[in-house]
Amino acid sequence: SNSTPTSEVDVLIIGAGPAGFMMALWMSRLGIKTRIVDKRTDKVFSGQADGFQARTLEILDSFGIGERVWKESNHLIEVSFWNPDSNGVIKRNGRAPDNISGMSRFTEAVLHQGRMEAFFLDAIAASYPHPADPAGSPLKVERMVLPTSLEVDEAAAEDDDAHPVTVTLRHLTEDEATPTQRLSNLSDGLFRSNLADDDVGAMLAQSKGGADVWEEVVKAKYVVGCDGAHSWTRKALGPKYEMKGEMTDYVWGVMDIVPITDFRMCLPVQVLMTFAASNGSLMIIPRENRLIRMYIQLTEVSTGGRVDRSTITHEMIFKAAQKIISPYKLEYHYCDWWTAYQIGQRVGSHFSKCDRVFLAGDAVHTHSPKAGQGMNVSMSDAYNLGWKIGLVTKKIMPRKILSTYELERKQIANELIEFDHKFSRLFSGRPQKDILDETGVSMEEFSKAFNMSHMFTSGLGVNYSPSALVSKPPEEALLLESDKEVQNEGNPAAKSKLSAATNCKPGMRFPSYQVVEQADARPWTLHHKMASNGRFRLWVFGGDISQAAALKRVNALGARLEKGVLARAPRIELGPAANPFAGTARFRLDQPPSVVDVMLVHCAPRGEVELLRDLHAVYHPFDAKLGWDYDKVFADGESYTEGHGHAYEGYGVNPEKGAIVVVRPDGYVGLVTELGEENWGEVEKWFEGVLRMA
Ligand code: FAD
């Protein structure tokens, strides 16, 4: 009707779970006009997902909140496997490290989702005021708001200035949006569970005609559906947007309790798994504040895919756990949270419509909780998408880059389901009785699979396919049929040059090794210098620049970059949190910097290099208000306080030859090449494929 208020926004996020919050954080860091809505009355306070993988902590750290999670969480260092012996009594028969040594500064850690959401809100608030959106106030979750219609004007999809997505939002009152369980029992997490009736329909029906209910129309450039496993957004995109995979759903009970038990699972046991033949399987994860989390697969309630929800109570879940753990006793006085949820292994057929509406998180993949991936993969989806939407909206990148979202994240979703499938069989399988028992799962098989799985479960093994953003030869085996058309510039010629930095693999995350800051001798690991602020990093491994020839080469590259990539690449405005030393209103760069950030790691003796005297200005850029930037040059050498980081060895760079490594704003390697002048054109070409160069 004529009275319906209509407004425009760059990005509308539907759903404020882990995926939605990650998306919101990116948007606030990039200064993009954004709204985020959620049907719920309030945030998660306890329970739900709780596992943080090493890669997720690295990502959070790039936004300045990794250390907070790290400090409050419990760290998972070791895993124990328990199995019934011949008398049916569970015994520990294996221990294994829970992480791959030396891969990351972080290990797996656990902290509940509610705490995480609080950190996100703080990080978002710290992003304002943003020079790209000076009038904008900190992004807030607009609660009790439900979309009721969504349309994409496909004809306008490729128009940079269009707002082709039209969404109607309905604002509810508190009563209408509050599920009854929420009022009765704080620890009862069933109301958020997918076992609960889909409440969207009920909420909408109930809200019809209410006096305080109102609707508005929002025209958005981009919409991101982060609305969980029952995604309304996915359904609104039409029947082509379906979830494919296993039809069976498993039901899992989850309880967070402080255990009282005679079972000595306390202390050195970090993660405990048991699988008992007749009683089902149980996974126990030690948590913060003496809590443990128990995952119990509920085999009894699932009959032919239909679940009788009324049979699921916390007593019933707890009894199942007690049965598995017997003859030991298990009781509790304090239960922090419990739930049950139903999960199949499925992946969405499409992750976007016209690269204008995107789906992220549980909205496009669901799987069991065993490998602790749900929150991590969901955040990583949004982490992959956020900077792409942000830089396209700012006209720094062309729209075609957006197709890499589906290419990259659908691959990961498929790998996740495949992994979950394999892992589930091992986890829920019957333990082997003896070596002649072929259908049983042996302890060796289980722990071998577990060890192999670390690259995957830590998130550090992610390896994106070739595209404009990832220059490498296509790895056929990794590609899905449907993705082949999207991937384009796979570059066979790049192969030989990859050996310039053997441990920087295009498509994988740039590793982090310790170096020493040239200017002030402080040791840093390089991830500390890679804040998520939308900038690409061009790492120059310049070799021993105390030698005249090496110094000359590095400076010639500097001159070339200054006239080439840096002169032609767009600039990016940085907000306070994206650039802590220069972001506040009183203390701001005179000119927004280039979206390409040049950094140098040399391996000369630090004392033989004089930063301002010896090196070209691109390695210490000057700003009219803030002077020299001393934070771009690092030495691979002995620090005064923390030893030698051996970064060249870590990155696989030959000190004689050097290397150039281009890293995307999300920390993934885009291009690896040799340092010599004959390769500089390749670097320019890579940026031409990715940025809107002048
Ligand atoms: P979600 O976290 O589901 O967030 C979706 C958000 O969208 C919600 O805030 C929801 O209110 C909102 N929303 C939904 N529909 C609409 C709509 N139409 N309009 C507006 N807003 C909407 N994983 C584990 O690893 N371990 C666990 O123990 C575990 N327990 C879980 C328990 C429950 C009850 C649930 C639901 C999930 C659990 N998961 C667990 C899964 C894990 O929480 C998810 O994988 C992860 O949260 C996915 O993040 P997401 O942002 O994609 O979706």
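In this text, all values refer to a predicted model and were calculated from it rather than measured experimentally.

**Remarks on the overall build of the chain**
Okay, step 1: Tallying secondary structure elements over the chain gives 19 helices and 32 strands in all.
Okay, step 2: Taking the contacts inside the chain whose residues are at least 6 apart along the sequence as the reference set, 76% of them involve residues at least 24 apart.
Okay, step 3: Of the roughly 28,200 Å² of accessible surface on the chain, 52% is carried by carbon and sulfur atoms.

**Some remarks on the confidence of the model for the chain**
Okay, step 1: Of the residues in the chain, 80% have a pLDDT of 70 or more, and the chain-wide mean is 85.
Okay, step 2: This model gives residues 266–271 a pLDDT under 50, and the stretch forms 19 contacts once residues within four places in sequence are excluded.
Okay, step 3: Here residues 476–494 scores under 50 on pLDDT; set against residues more than four positions off or in separate chains, the count is 30 contacts.

**Considerations on the state of the cysteines**
Okay, step 1: One pass over the structure, following the stated rule, counts zero disulfides.
Okay, step 2: Free of any disulfide, Cys226 has its nearest neighbouring cysteine sulfur in Cys354, separated by 18 Å.

**Here's the deal with the pattern of salt bridges**
Okay, step 1: For the coordinates displayed, the defined rule picks out 31 salt bridges.
Okay, step 2: Among the salt bridges present, the one from Arg664 reaches Glu408, with a minimum N-O distance of 2.7 Å. Of this pair, Arg664 sits in the loop between strand 31 (659–663) and strand 32 (669–673) while Glu408 sits in helix 11 (residues 403–428), and the two are 256 residues apart along the sequence. Glu408 shares its class with Arg664; the two are buried.
Okay, step 3: The partner of Asp597 in a salt bridge is Lys632, with the nearest N and O atoms 2.9 Å apart. Of this pair, Asp597 sits in strand 27 (residues 596–602) while Lys632 sits in the loop between strand 29 (627–628) and strand 30 (633–635), and the two are 35 residues apart along the sequence.
Okay, step 4: Looking at Lys632, the relative accessible area reads 6%, which means it is buried.
Okay, step 5: Here the residues in one salt-bridge network are Arg535, Arg537, Asp597, Asp629 and Lys632, joined through shared partners.

**Here we look at the site of the ligand**
Okay, step 1: The immediate surroundings of the ligand are formed by 32 residues, with Ala19, Asp38, Arg293, Tyr295 and Asp362 found nearest.
Okay, step 2: Lys39 places a polar main-chain atom, nitrogen or oxygen, 3.1 Å from a nitrogen atom of the ligand.
Okay, step 3: Relative to its unbound accessible surface of 970 Å², the ligand loses 92% to contact with the protein.
Okay, step 4: In terms of residue class, the shell around the ligand is made up of 15 nonpolar, ten polar and seven charged.

**Section: a nonpolar patch on the surface**
Okay, step 1: A contiguous nonpolar surface patch, about 410 Å² in accessible area, is contributed by Leu612, Phe622, Trp628 and Tyr630.
Okay, step 2: Checked against the element boundaries, Tyr630 lands in the loop between strand 29 and strand 30.

**Brief notes about unusual backbone geometry**
Okay, step 1: Note that the residue after Tyr128, namely Pro129, is joined by a cis bond; omega there is -5°.
Okay, step 2: Tracing the backbone shows Pro129 in the loop between helix 4 (113–125) and strand 8 (141–143).
Okay, step 3: With an omega dihedral of 15°, the bond running from Ser326 to Pro327 counts as a cis peptide bond.
Okay, step 4: Mapped onto the elements, Pro327 comes out in the loop between helix 9 (314–325) and strand 19 (330–343).
Okay, step 5: In this structure, Asp355 takes a positive phi of about 50° despite not being glycine.
Okay, step 6: Inspection of the secondary structure puts Asp355 in the loop between strand 21 (352–353) and strand 22 (357–359).
Okay, step 7: For Asp355, a relative accessible area of 17% puts it in the buried group.

**What to know about the sheet that holds strand 4 (residues 74–75)**
Okay, step 1: In spatial order, the strands read 3-7-4; together these three strands make up an open sheet with antiparallel pairing. Edge strands, defined here as strands with exactly one partner in the open sheet, are strand 3 (51–52) and strand 4.

**Quick notes on the sheet that holds strand 23 (residues 365–366)**
Adjacent strands of a sheet pair through backbone hydrogen bonds, lying either parallel or antiparallel.
Okay, step 1: In spatial order, the strands read 12-20-23; together these three strands make up an open sheet with antiparallel pairing. Edge positions in the sheet fall to strand 12 (243–245) and strand 23, since each of these pairs with one other strand and no more.

**A word on helix 4**
Okay, step 1: Given a rise of 1.5 Å per residue, 13 residues ought to cover 18 Å, and the 19 Å separating the end C-alpha atoms of helix 4 matches this to within 8%.
Okay, step 2: Taken as a whole, helix 4 has its buried residues at Gln113, Gly114, Met116, Glu117, Ala118, Phe119, Phe120, Ala123 and Ile124.
Okay, step 3: Buried residues in helix 4 make contact with helix 1 (18–30), strand 3, helix 2 (54–62), helix 3 (66–72) and helix 10 (374–393).

**Some thoughts on the packing of helix 1 against helix 4**
Okay, step 1: At a closest axis distance of 9 Å, the pairing of helix 1 and helix 4 adopts a crossing angle of 15°. Viewed along their axes, helix 1 and helix 4 adopt a mutual orientation that is roughly parallel. Considering the relative orientation of helix 1 and helix 4, their crossing is left-handed. Two secondary-structure elements touch here, helix 1 through Pro18, Phe21, Met22, Ala24, Leu25, Ser28 and Arg29 and helix 4 through Gln113, Glu117, Phe120, Leu121, Ala123 and Ile124.
Okay, step 2: When grouped by side-chain class, the residues that make up the contact of helix 1 with helix 4 number nine nonpolar, two polar and two charged.

**Quick notes on the nonpolar core**
Okay, step 1: The biggest cluster of nonpolar side chains holds 121 residues, and the ones touching the most others in it are Met397, Phe536, Leu615, Tyr619, Phe687 and Leu691.
Okay, step 2: Considering each element in turn, this core owes the most residues, ten residues, to helix 10.
Okay, step 3: Those residues within four positions of Tyr619 in sequence are excluded, and the remaining contacts are Val540, Val554, Asn555, Leu557, Gly558, Val598, Leu600, Leu611, Asp629, Lys632 and Val633.

**Let's talk about the pairing of strand 32**
If a strand is regular, its side chains alternate between the two faces of the sheet.
Okay, step 1: Burial analysis of strand 32 places five of its five residues in the buried class, which makes it a mostly covered element.
Okay, step 2: The antiparallel pairing of strand 31 with strand 32 creates a hairpin that spans five residues between the two strands, and Gly667 there sits at a positive phi of about 85°.

**Thoughts on the packing of aromatic side chains**
Okay, step 1: Counted by the stated rule, this structure contains 23 aromatic pairs.
Okay, step 2: With a centroid separation of 5.8 Å and 80° between ring planes, the pair formed by Phe358 and Tyr405 is classed as edge-to-face. Of this pair, Phe358 sits in strand 22 while Tyr405 sits in helix 11, placing them 47 residues apart in sequence. The burial state of Phe358 is the same as that of Tyr405; both residues are buried.

Criteria and cut-off values
- Residues numbered from 1 in each chain as written.
- Predicted model: local features only at pLDDT ≥ 70, side-chain atom pairs only at ≥ 80, totals over all residues.
- Heavy atoms only, no water.
- Helix = DSSP H or I, 4+ residues; strand = E, 2+ residues; numbered from the N terminus.
- Contact = heavy atoms within 4.5 Å.
- Areas by Shrake-Rupley, 256 points an atom, 1.4 Å probe, with all protein chains shown as cover.
- pLDDT = per-residue confidence, 0-100.
- Disulfide = S-S within 2.5 Å.
- Salt bridge = Lys/Arg side-chain N within 4 Å of Asp/Glu carboxyl O.
- Buried < 20%, exposed > 50% of the residue type's maximum accessible area, 1.4 Å probe, protein only.
- Near = heavy atom within 4 Å.
- Polar contact = N/O pair within 3.5 Å; in protein donor to acceptor, adjacent residues only side chain to side chain.
- Nonpolar A, V, L, I, M, F, W, Y, C, P; charged D, E, K, R; others polar.
- Patch = residues over 30% accessible without salt bridge, like charges linked within 9 Å, V, L, I, M, F, W, Y side chains within 5 Å.
- Pairing = 2+ DSSP bridges.
- Expected span 1.5 Å × (residues − 1).
- Axes fitted to C-alpha atoms, helices over the stretch in contact; angles between N-to-C directions.
- Parallel < 35°, antiparallel > 145°, perpendicular 65-115°, else oblique.
- Left-handed = near helix turned anticlockwise from the far one by under 90°.
- Core = buried A, V, L, I, M, F, W, Y, C linked by side-chain atoms within 4.5 Å.
- Phe/Tyr/Trp six-rings, centres within 6.5 Å; stacked < 30°, edge-to-face > 60°.

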